[in-house]
Amino acid sequence: MSNPHKSGLVVSAHSADFVWRSAGAIALHVQQGYRMHVVCLSFGERGESAKLWRKGDMTEDKVKAARRVEAQAAAEVLGASVEFFDIGDYPMRADRDTLFRLADVFRQIQPGFVLSHSLKDPYNYDHPLATHLTQEARILAQAEGYRPGEKIVGAPPVYCFEPHQPEQCEWRPDVLLDITGVWDKKYAAIQCMAGQEHLWEYYTRVALQRGAQAKRNIGVTATRDIKYAEGFQSIFPRVTGDLS
Ligand SMILES: [Zn+2]
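Predicted, not measured: the structure shown is a model, and the values here were computed from it.

Q: I'd like to hear about the overall build of the chain, residue by residue, with values.
A: The secondary structure content of the chain amounts to seven helices and seven strands. The order of α-helices and β-strands along the chain, N terminus first, is β-α-β-α-α-β-α-β-α-β-β-α-α-β. Since a compact globule built from 244 residues should have a radius of gyration of about 18 Å, the 18 Å found for the chain is in line with a globular shape. In terms of its C-alpha atoms, the chain occupies a principal-axis envelope of roughly 60 × 50 × 35 Å. Of the accessible surface of the chain, which amounts to about 12300 Å², a share of 51% is contributed by carbon and sulfur atoms.

Q: Please give an account of the packing of aromatic side chains that cites residues and values.
A: The tally for this structure, following the rule as stated, stands at eight aromatic pairs. When the centroid spacing of 5.6 Å and the interplanar angle of 20° are considered together, the rings of Trp20 and Tyr203 count as stacked. Here Trp20 is found in helix α1 (residues 17-31), whereas its partner Tyr203 is found in helix α7 (residues 200-216), with 183 residues between them in sequence. For Trp20, a relative accessible area of 2% gives the class buried. Through pairs of rings, three or more aromatic residues link up here, namely Trp20, Tyr202 and Tyr203. For Arg101, the ring lying beneath its charged end belongs to Phe85, and the centroid distance is 3.9 Å.

Q: Explain the nonpolar core to me, using residue names and the numbers behind them.
A: Core analysis: the largest hydrophobic core is formed by 40 residues, its most contacted members being Val10, Phe18, Val19, Trp20, Ile26 and Leu115. For this core, the elements supplying multiple residues, two or more each, are α1, β2 (35-40), α3 (60-78), β4 (113-116), β5 (158-161), α6 (183-190) and α7. Ignoring anything within four residues of it in the chain, the contact list for Trp20 reads Lys186, Ile190, Met193, Gln196, Leu199, Trp200 and Tyr203. Formed by 21 residues, the second largest nonpolar core is a distinct cluster that contains Val105, Ala130, Ala141 and Val158.

Q: Explain the layout of surface pockets to me, using residue names and the numbers behind them.
A: A probe matching the size of a water molecule, rolled over the atoms, marks out where space remains unfilled. In this structure, the largest pocket occupies an estimated 890 Å³ of space. Residue lining of the largest pocket: 30 residues in total, with Tyr159, Val175, Leu176, Leu177 and Arg238 positioned closest to the centre. Only α1, β4, β6 (175-178) and β7 (229-234) provide two or more residues apiece to the lining of the largest pocket. For the lining of the largest pocket, the leading source of residues is β6, giving four residues. Roughly 360 Å³ of internal volume is contained in the second largest pocket. For the lining of the second largest pocket, the secondary-structure elements that each account for two or more residues are α1 and α2 (50-54). Classifying every residue of the lining of the second largest pocket by side-chain character gives six nonpolar, nine polar and six charged.

Q: So what about unusual backbone geometry? Which residues, and what values?
A: Between Tyr90 and Pro91 the backbone carries a cis peptide bond, its omega angle lying at 5°. Mapped onto the fold, Pro91 is located in the loop between β3 (81-84) and α4 (96-109). Of note in this structure, Arg147 is not a glycine but carries a positive phi near 45°. Mapped onto the secondary structure, Arg147 falls in the loop between α5 (126-142) and β5. Given a relative accessible area of 36%, Arg147 falls into the partly exposed group. The residue Glu170 is not glycine, and still its phi comes out positive at about 55°. Its location among the elements puts Glu170 in the loop between β5 and β6.

Q: Describe the sheet that holds β2, naming the residues involved and giving the relevant values.
A: Taken together, the seven strands give an open sheet; going across it, the order is β3-β2-β1-β4-β5-β7-β6, and neighbouring strands pair in mixed fashion. Edge strands, defined here as strands with exactly one partner in the open sheet, are β3 and β6. This sheet shows a mean twist of 25° between the axes of neighbouring strands, independent of strand direction. As defined by bridge partners, β4 adjoins β5 across three bridges and the pair is classed as parallel.

Definitions and cut-offs
- Once a new chain begins, its residue numbering starts again from 1 and follows that chain's sequence as written.
- Only residues with pLDDT of at least 70 are given local features in this predicted model, and only at 80 or more are side-chain atom pairs given and counted; all residues enter the totals for whole chains, interfaces and linings.
- With hydrogens and water excluded, all non-hydrogen atoms of the structure serve as input to the side-chain values.
- Numbering of helices and strands runs from the N terminus; a helix is a DSSP stretch of H or I covering at least four residues, while a strand is a stretch of E covering at least two.
- Based on C-alpha atoms, the radius of gyration is set beside the globule rule, defined as 2.2 Å times the residue count to the power 0.38.
- Using a 1.4 Å probe, the Shrake-Rupley method yields the accessible areas, and only the shown protein chains count as cover for residues.
- Only rings of Phe, Tyr and Trp enter the pairing, Trp through its six-membered ring, and a pair is recorded when the two centres are within 6.5 Å. The plane angle decides the type: under 30 degrees is stacked, over 60 is edge-to-face, the rest tilted.
- Only protein chains enter the accessibility calculation, which uses a 1.4 Å probe; a residue is then buried when its area is under 20% of its type maximum, exposed when over 50%, and partly exposed in between.
- Two conditions define a charge located above a ring, namely a distance within 6 Å from the ring centre to NZ of Lys or CZ of Arg, and an angle within 35 degrees of the ring normal.
- We call a set of buried residues a nonpolar core when its members are Ala, Val, Leu, Ile, Met, Phe, Trp, Tyr or Cys and they connect through side-chain atoms within 4.5 Å of each other.
- The criterion used for residue contact is that any of the two residues' heavy atoms lie within 4.5 Å.
- Think of a 1 Å grid over the protein atoms and nothing else: a 1.4 Å probe that fits but is trapped marks a cavity, an open set flanked by protein within 12 Å on at least five of seven lines marks a pocket, and residues with an atom within 4 Å of a point count as lining.
- Grid points are joined across faces, edges and corners, and a volume is the space filled by probe spheres set on the points.
- Charged means Asp, Glu, Lys or Arg here, nonpolar means Ala, Val, Leu, Ile, Met, Phe, Trp, Tyr, Cys or Pro, and polar covers whatever is left, Gly included.
- Two strands make a pair as long as DSSP finds a minimum of two bridges between them.
- Interaxial angle, 0 to 180 degrees, is taken between N-to-C directions of lines fitted to C-alpha atoms, where a helix line uses only the stretch in contact.

This is the structure:
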């Protein structure tokens, strides 16, 4: 059932990150009637497309085109809309126009929650940059003085999705989302990422591990049989009227 008042925004540094780290959350919220929108800041054309480069006879444009097709297919499987900023990777750098463009996406989508990368990642500087850009765009979109007259955004919770090596990134989950019911969709989206087949099994194991942890952390009255989960680390305090 469509719910026009609910939406979520995912900001992915490279074009496959949103799949490994949050495809379950995306599919689950689409199922609940949310509009889910993904912004891919780059295609990961330099840093996360090794298999394509090894084919030989490649150019950056060819790699980008292949990565776009993969990400679009994955988004379609999940029921999300996706757009590509194409600001480049390795290194990723964002100018003021990119920041304003992302702030405008916040204004347009009016997200109820936001997903992006961990705040630290010593293996990949593009990832924290994406999060900082997202945070700053959110703050701009909240400001009455930024494009006055437009509807500002509230204070949507921001969750950092799971990095490849959580301990080194100082990432610790405080939310475990049960994605068992949409695991088939996540795995179908994962399979769209032909350029990174070595990660399919890895992220299946991550989902099983988080699922096992989720099962250990549900309340006594819950009866859900959780098998797969995704972990998130929230940046802001959660506001609630119910502590159970
Ligand atoms: Zn990445």
